[in-house]
Amino acid sequence: MPQLWYTSDEVKDFHPHVKKALENAVTTLGKTSEIEIIQHPPIPGSTTIPDFGIKLKSSSNFILIVEVKRTKADVNSGRYSDQARSYVTNLSHNWETSCHPYIVLTNLERRVFFC
């Protein structure tokens, strides 16, 4: 995988690193038979899509949205926080009822978790 810089392409360069980190986390937790990582999951009726959605295989419902940004300033941005929150709102019919609406914004060096 390429070395990352703030000018690196978000999808081409950052996404493979984030996907690998998510896969490692699921494997480390021993949840590979229960959890599925979807890159760019579609949202019915929406023109925007999150970078990653984490779903329960048993119900096909989401339990986490991960939005990837390039810089720490982007991760701290209210604009991108609102963007990520809108994904959860738009996925409300496909959200696991027993799970809070969790969101992560990250550029890998910084992560901000929301509920």
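The following refers to the structure shown.

Criteria and thresholds
Residues numbered from 1 in each chain as written. Predicted model: local features only at pLDDT ≥ 70, side-chain atom pairs only at ≥ 80, totals over all residues. Heavy atoms only, no water. Helix = DSSP H or I, 4+ residues; strand = E, 2+ residues; numbered from the N terminus. Buried < 20%, exposed > 50% of the residue type's maximum accessible area, 1.4 Å probe, protein only. Lys, Arg positive; Asp, Glu negative; His and termini not counted. Salt bridge = Lys/Arg side-chain N within 4 Å of Asp/Glu carboxyl O. Pairing = 2+ DSSP bridges. Axes fitted to C-alpha atoms, helices over the stretch in contact; angles between N-to-C directions. Contact = heavy atoms within 4.5 Å.

### Notes on the side chain of Glu10
Assignment of secondary structure puts Glu10 in helix H1 (residues 10-28). It turns out Glu10 is buried and unbridged, and the closest side chain with the opposite charge, Lys69, is 4.3 Å from it.

### A short note on the sheet that holds strand S3 (residues 62-68)
Taken together, the 5 strands give an open sheet; going across it, the order is S1-S2-S3-S4-S5, and neighbouring strands pair in mixed fashion. The sheet terminates laterally at strand S1 (35-39) and strand S5 (111-114), the two strands that pair on one side only. Going across the sheet, the axis of each strand differs from the next one's by a mean of 20°, ignoring polarity. Sheet topology note: the strand S2 (residues 52-56)/S3 ladder contains 4 bridges and is antiparallel. Within S3, the position partnered with Lys55 by the bridge is Phe62. Its contacts with the sheet put helix H3 (residues 78-90) on S3, strand S4 (102-106) and S5, and the angle it makes with S4 is roughly 145°.

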